[in-house]
Amino acid sequence: MSAVSSQNDEDTFKILVATDIHLGYLEKDPVRGNDTFVTFNEILDHAQKNEVDFILLGGDLFHDNKPSRKTVHSCLESLRKYCMGDRPVQFEILSDQAVNFHYSKFPWVNYQDENLNISIPVFSIHGNHDDPTGADALCALDILSCAGLLNHFGRSTSVEKIDISPILLRKGRTKIALYGLGAIPDERLYRMFVNKQVTMLRPKEDEDSWFNLFVIHQNRSKHGATNYIPEQFLDDFINLVVWGHEHECKIAPFQNEQQRFYVSQPGSSVVTSLSPGEAVKKHIGLLHVKGKKMKMEKIALETVRTFHIEDIVLADHPELFNPDNPNVTQAIQAFCMEKVELMLDTAERERLGNPRQPEKPIIRLRVDYAGGFEPFSVHRFSQKYMHRVANPKDIVHFFRHREQKEKKDIDLNFGKLVSRPAEGTTLRVEDLVKQYFQTAEKKVQLSLLTERGMGEAVQEFVDKEEKEAIEELVKFQLEKTQRFLKERRTDAVEEKIDEEVRKFRESRKKNTEEEDKEVREAMIRARAHRSEDEVLVAASSDEDSMDIEMTGTSNPSDGLSSTLSRGRGRARGRARGARGQNSTARGSSRRGRGATSQESASGSRSYKPVSGPGKNMSIMDAFRSSKTDRSSNSFQSYSEVSTLL
């Protein structure tokens, strides 16, 4: 990495680099609720004071996929305060902006919009926390982009091929090719790299004269065989990679010896997990680029709440703790109190030189109590520090690290895995689902779906609130299995059908690329269904209002008398119950209200539905029922479909 000789001339780019700001994290916490907003303002203030050319964000600007109104309002307020003004922008865009921002209704950089007065452009990719979702595949960054306060780039919607087209910037004689790739499930992106389905496009003219800057938001450290992106997958013509998603601050550029490019990992600007990597001092970077030379200047963040973490292994102190001693628990508690007091003293000394730092620190004491020891009451211990620390409810964490290593071959206990995850690790929902079914008894094993497909559907249900995800995956796979059986002309004998279904399932498990497409198609159908449901809810409310106004004019033979007598209360109950459910769920007789099956059929989706089997329907029943007329059947509710699992 060559140093930049002059940092303020007309040929030097000054770029403020930050990642993983996580606006809105713990926003309802009385102590830590405003931490993310305060630090975001500090970051923007540094950009303004240093008169940077633009701000580059590496994903996860928001902590939640659907941030609250308070979070969005605070973000808009800060961007308007610091990034709008009369200071002219000193660089120009050379690339085709209709390609760089093709998904936007305003496909051009915000500072070139004649209706806006932008002094500091912000370029950002999305992360895994704020990625596009829903029927229209929108994310919170698209709101900021539409408002003209941020330039969202690096978005890819294809699961078959990714072409990364750079934003070409020029300031004086310095040219930057800015590449970006928003968060994609690691295993999918890993497979696409292996299959040569990811291409980074280069400028046609003078390709060696560009400084190539790539922003990515993926796992950098290995979390599984394919659950990360090795640096060796990236092209060697890149000069600098800004790596988001990893929260430990390693902002000083480190050279990859094989590919020869440099990697900068800015880390997060807020503590979101009580792990050692988060305890590293938080920084942002001021990147200077002139020609092909660069320099990264570290800027320490002063408003970040200090975090101290320490580990204790009780078995390493036999002179202090004897598990056979009846008073050993009290001795352990006194020892832990002494450790916490020492960490509080350290935090107070650090804060004396930084008045902008929040008063209450975050403290974490991890205690390995393997070897016959018993934990004390964490809640009672926490009461002593309610007014001294920012996280009183989780100061102490007990775990048995050594015993976990010895029990690797023991059957997985799903309940324990959910309730007590390993400290500092991230348990993904799809991993839990996969592990559960792989170790479950034979009677609850999946016979139609694959563990991978089911895991991703549950992940969509949990993270993105796609309430139809699981049901749509089941329906989609049922349709595909029925078609497969018809093409094979399988006899309607239960044993033969079960065998064919098993073979078909195994072939799908091997073809992971095809399985990805299936899950994605099911999610698209779920989103489309949800959008139509919202329209039906609004329409049903209007119809009910009309029914109320027409009281006394109906014919009793039309079956409307009960509707009229129920009045406005029926409309409200139906609107609430309909949201996020399918047509049959709204028309079910469980609560004695809602639409009939004919009403449901009139609002059906555009794709062809599967037949509507009764409860406890088997694969064989579904296969037989496919010969009947489908148009008279309603959709299955989730409770009915779940029996297929």
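Let me sum up the structure you'll find in this document. Note that the structure is predicted; figures quoted are calculated from it, not measured.

## Quick notes on empty space enclosed by the protein
- Applying the stated criterion to the full structure yields 4 cavities of 30 Å³ or more.
- Its volume calculated, the largest cavity comes out at about 70 Å³.
- Lining the largest cavity are Arg-32, Asp-35, Thr-39, Ser-269, Val-270, Val-271, Thr-303, Val-304, Arg-305 and Ile-362.
- Across the lining of the largest cavity, the residue classes break down as 4 nonpolar, 3 polar and 3 charged.

## Quick word on helix H2 (residues 69-83)
- Taking 1.5 Å of rise per residue, 15 residues should cover 21 Å, and H2 covers 21 Å from first to last C-alpha, within 8% of that figure.
- Along H2, the positions that sit buried rather than exposed are Thr-71, Val-72, Ser-74, Cys-75, Ser-78, Leu-79, Tyr-82 and Cys-83. Down the axis of H2, the buried set is contained in an arc of 165°. They therefore lie on one face. For H2, the exposed residues set more than 90 degrees away from the buried face come down to Arg-69, His-73, Glu-77, Arg-80 and Lys-81.
- Check the buried side of H2 and you find it contacts helix H1 (35-49), strand S2 (54-57), strand S4 (122-124) and helix H4 (140-146).

## Re the nonpolar core
- Core analysis: the largest hydrophobic core is formed by 31 residues, its most contacted members being Ile-55, Leu-61 and Leu-79.
- Mapped onto this core, the elements with two or more residues apiece are strand S1 (12-18), H1, S2, H2, H4 and strand S14 (283-290).
- Not counting residues within four places of it along the chain, the set of residues in contact with Leu-79 comprises Phe-40, Leu-44, Met-84, Val-122, Leu-144 and Leu-149.
- Phe-13, Leu-178, Leu-213 and Tyr-262 belong to the second largest nonpolar core, which has 30 residues in total.

## Structural notes on the sheet that holds S14
- Taken in spatial order, the 6 strands make up an open sheet running S5-S4-S2-S1-S14-S15, and their pairing is mixed. Each of the sheet's edge strands pairs with one partner strand only, and the pair in question is strand S5 (151-152) and strand S15 (293-300).
- Note that S2 and S4 share 3 bridges and pair parallel. Its bridge partner lying in S4, Leu-56 is registered against Phe-123.
- Against the sheet, H1 touches S1, S2, S14 and S15, its axis set at about 175° to S1.

## Brief notes about the sheet that holds strand S8 (residues 174-181)
- Strand order in the open sheet made by the 7 strands is S3-S7-S8-S10-S11-S13-S12, with mixed pairing throughout. The open sheet has two edge strands, strand S3 (92-93) and strand S12 (250-255), and neither has a second partner.
- Taken together, the 3 bridges between S12 and strand S13 (residues 262-265) define a ladder with antiparallel strand orientation. Note that in S13 the partner of Gln-255 across the bridge is Tyr-262.

## Some words on the packing of H1 against H2
- Running from N to C, H1 and H2 cross one another at 15°; their axes reach a closest spacing of 10 Å. With respect to each other, H1 and H2 are oriented roughly parallel. By crossing handedness, the relation of H1 to H2 is classed as right-handed. Across from Phe-37, Phe-40, Asn-41, Leu-44, Asp-45 and Gln-48 in H1, the residues of H2 making contact are Lys-70, Thr-71, Ser-74, Cys-75, Ser-78, Leu-79, Lys-81, Tyr-82 and Cys-83.
- Across the contact of H1 with H2, the residue classes tally to 7 nonpolar, 5 polar and 3 charged.

## So, the pairing of strand S18 (residues 396-399)
- Burial along S18 is two-sided: Val-396 and Phe-398 and His-397 and Phe-399, pointing in opposite directions, are all buried.
- Taken together, the 4 bridges between strand S17 (residues 362-368) and S18 define a ladder with parallel strand orientation. Following the sheet pairing, Leu-365 is matched in S18 by Val-396.

## Digging into the pattern of salt bridges
- For the coordinates displayed, the defined rule picks out 17 salt bridges.
- For Asp-35, the salt bridge is made with Arg-305, and the minimal N-O distance between the two is 2.8 Å. Placement of Asp-35 in helix H1 and of Arg-305 in the loop between S15 and strand S16 (307-313) is noted, with a sequence separation of 270 residues between them. Across this residue pair, the class does not change: Asp-35 and Arg-305 are buried.
- Between Glu-341 and Arg-388 there is a salt bridge, and its shortest N-O distance comes to 2.9 Å.

## Side note on helix H5 (residues 186-194)
- Of all the 9 residues making up H5, 7 are buried; the element is thus mostly covered by neighbouring parts of the structure.
- The complete set of buried residues in H5 reads Asp-186, Arg-188, Leu-189, Tyr-190, Arg-191, Met-192 and Phe-193.
- Following H5 by one or two positions, Lys-196 has its phi on the positive side, about 60°.

About the cut-offs
- Residues numbered from 1 in each chain as written.
- Predicted model: local features only at pLDDT ≥ 70, side-chain atom pairs only at ≥ 80, totals over all residues.
- Heavy atoms only, no water.
- 1 Å grid on protein atoms, 1.4 Å probe; cavity = no way out; pocket = protein on both sides within 12 Å on 5 of 7 lines; lining within 4 Å.
- Points joined across faces, edges and corners; volume = space filled by probe spheres on them.
- Nonpolar A, V, L, I, M, F, W, Y, C, P; charged D, E, K, R; others polar.
- Helix = DSSP H or I, 4+ residues; strand = E, 2+ residues; numbered from the N terminus.
- Expected span 1.5 Å × (residues − 1).
- Buried < 20%, exposed > 50% of the residue type's maximum accessible area, 1.4 Å probe, protein only.
- Arc of directions from axis to C-beta.
- Contact = heavy atoms within 4.5 Å.
- Core = buried A, V, L, I, M, F, W, Y, C linked by side-chain atoms within 4.5 Å.
- Pairing = 2+ DSSP bridges.
- Axes fitted to C-alpha atoms, helices over the stretch in contact; angles between N-to-C directions.
- Parallel < 35°, antiparallel > 145°, perpendicular 65-115°, else oblique.
- Left-handed = near helix turned anticlockwise from the far one by under 90°.
- Salt bridge = Lys/Arg side-chain N within 4 Å of Asp/Glu carboxyl O.

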